[in-house]
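Below, each chain spelled out in residue letters.
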Amino acid sequence: MRIDAHHHLWDLSRRPQSWMDGSWADPLRRTFTPADLQPELTAHGVDMSVAVQTSASYDETRELLATADGAGWIGAVVGWADLTDPGLPAVLAELRSGPGGERLRGIRHQVRDEPDPLWLVRPEVRRGLAAVADAGLVYDLLVTPRELPAAIEVVREVPQLAFVLDHAAKPAVAQRRWQPWADAITELAGEPHVSCKLSGLVTEADWEKWRPQEVLPYARHVLDAFGPHRVLFGSDWPVCTLAADYREVLALVEQATTHLTVLERAAVFGDTAARVYGLNTR
């Protein structure tokens, strides 16, 4: 079974997306619904997906869960929650009790947008991450190379929590910058309770001029560091469309994995996501 472990949906009539903060985002300034995505999944043999939050909003998380409840192919939702809230355990229980709540499998916060690069290691954040672990959920790390040192530290401090690194920590592909990203990825991969998504790399490259040979070294470093059984394919649709269509994103990951065995490719394109997010693939 093929699984897209990272895509987004949003309805701009319900709420703005504050990260769309310039003309660069104009192609994304419309509503994207399951009906927009499903033809792409069908055309490329993708059977199931994981919808991921885009705003710091409980309302959005509830809407994603309800949407997943009505679209059988959305197997899981990674929603948002305030990690600094002492009442987080009750909030998570409430989210899971609502429509589609059984599909809440992970939590994410836009750590890359926090002014403090050490935000993840604040005591109140560590407490929130422990609550996520106690709820049996996964935590998606949305960080850049700037926040990777803090991510490594907090991953070691909360070993009971399964972490998933989104977008391979957004390496500076367009600038062809390799370090300190590469060493930090290797260090993070040394922690066995961390997995990594091969997602979002094309939008870190030059949107107009990128070529596979510029992106592939970053993808292959992730595969070498984590191993295929801790790597997940994600399209990052529709954000990826700033630089590439769904077919091109999928083809890039297929090219990055040509040296793997059949079972290893099956892990990257579905089995790892099914295991990490506890998806029902039967």
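Up top you'll find the structure we're talking about.
Now for a look at the structure at hand. Source: prediction; values computed, not measured. (Residues numbered from 1 in each chain as written. Predicted model: local features only at pLDDT ≥ 70, side-chain atom pairs only at ≥ 80, totals over all residues. Heavy atoms only, no water.)

Let us now look at the nonpolar core. Of all hydrophobic cores here, the largest spans 91 residues; its most connected members are Leu-83, Ile-107, Leu-120, Leu-129, Tyr-139, Phe-163 and Trp-181. No other element matches the seven residues that helix H7 (residues 212–226) contributes to this core. Not counting the four nearest positions on each side in its chain, Leu-83 is found in contact with Leu-88, Ile-107, Trp-119, Glu-124, Val-125, Gly-128, Leu-129, Val-132 and Tyr-139. One finds Val-50, Val-52, Ala-274 and Leu-279 within the second-largest nonpolar core, a separate group that totals 15 residues. (Core = buried A, V, L, I, M, F, W, Y, C linked by side-chain atoms within 4.5 Å. Buried < 20%, exposed > 50% of the residue type's maximum accessible area, 1.4 Å probe, protein only. Helix = DSSP H or I, 4+ residues; strand = E, 2+ residues; numbered from the N terminus. Contact = heavy atoms within 4.5 Å.)

One pass over the structure, following the stated rule, counts 20 salt bridges. Here Arg-112 ties to Asp-113 by a salt bridge, and the two come within 3.8 Å at their closest N and O atoms. In this structure, the salt-bridge partner of Glu-157 is Arg-126, at a minimum N-O distance of 3.2 Å. Within this pair, whereas Glu-157 is found in helix H5 (residues 148–157), its partner Arg-126 is found in helix H4 (residues 123–134), the two being separated by 31 residues in sequence. Relative accessible area serves as the criterion here: at 38%, Glu-157 is assigned to the partly exposed category. We classify Arg-126 as partly exposed; its relative accessible area is 27%. Each member of the salt-bridge network shares a partner with another, and the members are Asp-11, Arg-14, Arg-15 and Glu-63. (Salt bridge = Lys/Arg side-chain N within 4 Å of Asp/Glu carboxyl O.)

Glancing now at the packing of aromatic side chains. Under the counting rule described, the total for this entry stands at 11 aromatic pairs. Joined through ring pairs, the aromatic side chains of Trp-10, Trp-19, Trp-24, Phe-32, Trp-207 and Trp-237 make up one cluster. Across from the ring centre of Phe-269, 4.8 Å away, lies the NZ or CZ of Arg-2, which sits over that ring. (Phe/Tyr/Trp six-rings, centres within 6.5 Å; stacked < 30°, edge-to-face > 60°. Lys NZ or Arg CZ within 6 Å of the ring centre and 35° of its normal.)

If you walk across this open sheet you meet the eight strands as E1-E2-E3-E4-E5-E6-E7-E8, and the pairing is parallel. Edge positions in the open sheet fall to strand E1 (3–7) and strand E8 (231–233), since each of these has one partner strand only. Neighbour-to-neighbour, the strand axes of this sheet turn through a mean angle of 25 degrees, independent of strand direction. The pairing of strand E6 (residues 163–165) with strand E7 (residues 194–198) spans three bridges and is classified as parallel. Across the sheet, Leu-165 pairs through a bridge with Cys-196, a residue of E7. Of the strands in this sheet, E1, E7 and E8 touch helix H8 (residues 246–256), which is tilted by about 155 degrees from E8. (Pairing = 2+ DSSP bridges. Axes fitted to C-alpha atoms, helices over the stretch in contact; angles between N-to-C directions.)

Attention shifts here to the packing of helix H3 (residues 88–97) against H4. At a minimum axis distance of 9 Å, the contact between H3 and H4 shows a crossing angle of 40 degrees. Judged by the inter-axis angle, H3 sits oblique to H4. Taken as a pair, H3 and H4 cross one another with a handedness that is right-handed. Across the interface between the two elements, Leu-88, Pro-89 and Leu-92 of H3 pack against Gly-128, Ala-131 and Val-132 of H4. For the contact of H3 with H4, the residue count by class is five nonpolar, one polar and no charged. (Parallel < 35°, antiparallel > 145°, perpendicular 65-115°, else oblique. Left-handed = near helix turned anticlockwise from the far one by under 90°. Nonpolar A, V, L, I, M, F, W, Y, C, P; charged D, E, K, R; others polar.)

With that settled, consider unusual backbone geometry. Omega for the peptide link from Gln-179 to Pro-180 comes to 5 degrees, which places this bond in the cis form. Trp-237 connects to Pro-238 through a cis peptide bond whose omega is 0 degrees. Checked against the element boundaries, Pro-238 lands in the loop between E8 and H8. Despite not being glycine, Ala-168 has its phi angle at roughly 50 degrees, a positive value. Mapped onto the elements, Ala-168 comes out in the loop between E6 and helix H6 (181–189). Here Arg-176, not a glycine, exhibits a phi torsion of approximately 55 degrees, which is positive.

Here the focus is helix H9 (residues 262–277). For H9, spanning 16 residues, the distance from its first C-alpha to its last is 22 Å, which sits close to the expected 22 Å at 1.5 Å a residue. Remark: the principal bend of H9, roughly 60 degrees, maps to Val-268. All of the buried residues along H9 are Ala-267, Val-268, Phe-269, Gly-270, Thr-272, Ala-273, Ala-274, Val-276 and Tyr-277. Of the residues flanking the end of H9, it is Gly-278, one or two places downstream, whose phi is positive at about 60 degrees. (Expected span 1.5 Å × (residues − 1). Bend = angle between axes of the 7 residues up to and from the residue.)

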